[in-house]
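Letter by letter, the chains look like this.
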Amino acid sequence: MIQAKGVAAVTDADFDAEVLGADRPVLVEFTADWCGPCRQLAPVLSAIAAQERARLKVVQLDADTNPETMARYGVLSMPTLMVFRGGEPVRSMVGARPRRRLLQELEDALQP
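Predicted, not measured: the structure shown is a model, and the values here were computed from it.

Analysis parameters
- Residues numbered from 1 in each chain as written.
- Predicted model: local features only at pLDDT ≥ 70, side-chain atom pairs only at ≥ 80, totals over all residues.
- Heavy atoms only, no water.
- Buried < 20%, exposed > 50% of the residue type's maximum accessible area, 1.4 Å probe, protein only.
- Helix = DSSP H or I, 4+ residues; strand = E, 2+ residues; numbered from the N terminus.
- Pairing = 2+ DSSP bridges.
- Disulfide = S-S within 2.5 Å.
- Core = buried A, V, L, I, M, F, W, Y, C linked by side-chain atoms within 4.5 Å.
- Contact = heavy atoms within 4.5 Å.
- Expected span 1.5 Å × (residues − 1).
- Arc of directions from axis to C-beta.
- Axes fitted to C-alpha atoms, helices over the stretch in contact; angles between N-to-C directions.

Visitor: Help me understand the pairing of strand 4 (residues 80–85), please; the structure alone is not making it clear to me.
Guide: Strand residues, when the strand is regular, have side chains that alternate between the two faces of the sheet. With 5 of 6 residues buried, strand 4 is to be regarded as a mostly interior element. Summarising the sheet, strand 2 (residues 26–31) and strand 4 pair through 5 bridges and their orientation is antiparallel. Across the sheet, residue Val 28 finds its bridge partner in strand 4, namely Met 82. Both strand 4 and strand 5 (residues 88–94) contribute to a ladder of 6 bridges, which runs antiparallel. The partner of Phe 84 across the bridge, within strand 5, is Pro 89. Linking two consecutive strands that pair antiparallel, namely strand 4 and strand 5, is a turn of 2 residues; a positive phi of about 60 degrees is found at Gly 86 within it.

This is the structure we're talking about:
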């Protein structure tokens, strides 16, 4: 998995605790080593993780080694980005996008 700087990795084993039990919204990138657009997204996620640290947790989940979580949320394409709030998915996006566009798409999900 291409690890984005400042972005934690989660697994099937700790997904519920780290994502569903988080005290703030969580952006999850479902990613894989073989995914070219995922590599393009890594610096974008790093920047957002740093910029939005106070109100958004950003994590990555490796699709190839965590099939349970992939199946639970019906993820079929990489990268898939999902925003979870209060233990529920509230937004899903497929594909890489520039930082500004991703921030715009996240804004409504981040409103209290």
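Visitor: I would appreciate a short explanation of the state of the cysteines in the present structure.
Guide: Put plainly, a disulfide is one covalent bond tying together the sulfur atoms of two cysteines. Summed over the entire model, instances satisfying the criterion amount to 1 disulfide. The disulfide bridge from Cys 35 ends at Cys 38, spanning 2.2 Å between sulfur atoms. In this structure, the disulfide formed by Cys 35 and Cys 38 twists by about 80 degrees around the S-S bond and is classed as right-handed. Given a relative accessible area of 1%, Cys 38 falls into the buried group.

Visitor: Help me out: how do you make sense of the nonpolar core in this one?
Guide: Soluble, globular proteins show a tendency: their nonpolar side chains are buried together. By size, the foremost hydrophobic cluster in this structure holds 19 residues, and its most contacted members are Leu 27, Leu 45, Ile 48, Val 58, Leu 102 and Leu 106. For this core, the secondary-structure elements that each account for two or more residues are helix 2 (36–51), strand 4 and helix 4 (99–110). The biggest single contributor to this core is helix 2, with 6 residues. If we ignore the near neighbours within four places in the chain, the residues touching Ile 48 are Arg 53, Leu 56, Val 58, Arg 99, Leu 102, Leu 103 and Leu 106.

Visitor: Hey, could you run me through helix 4 in this one?
Guide: Helical geometry note: an α-helix holds 3.6 residues per turn, so side chains three or four residues apart project in the same direction. For helix 4, which comprises 12 residues, the first-to-last C-alpha distance of 15 Å matches the rise-based estimate of 16 Å (1.5 Å per residue) to within 8%. Listed as buried for helix 4 are Leu 102, Leu 103, Glu 105, Leu 106, Ala 109 and Leu 110. Buried positions in helix 4, seen along its axis, are confined to an arc of 170 degrees and lie on one side of it. Exposed residues lying more than 90 degrees from the buried face of helix 4 are Arg 100 and Gln 104.

Visitor: Explanation requested: the sheet that holds strand 3 (residues 57–62) in the structure shown.
Guide: Strand order in the open sheet made by the 5 strands is 1-3-2-4-5, with mixed pairing throughout. Strand pairing shows two members of the sheet lacking a second neighbour, strand 1 (8–10) and strand 5, which therefore form its edges. When the angles between neighbouring strand axes are averaged without regard to direction, this sheet yields 30 degrees. Here 6 bridges tie strand 2 to strand 3, and the two strands are oriented parallel to one another. Across the sheet, the residue bridging to Glu 29 is Gln 60, located in strand 3. On the sheet, helix 2 packs against strand 2, strand 3 and strand 4 and is oriented at approximately 165 degrees with respect to strand 2.

In short, the description is geometric, and any link to function would need to be established separately.
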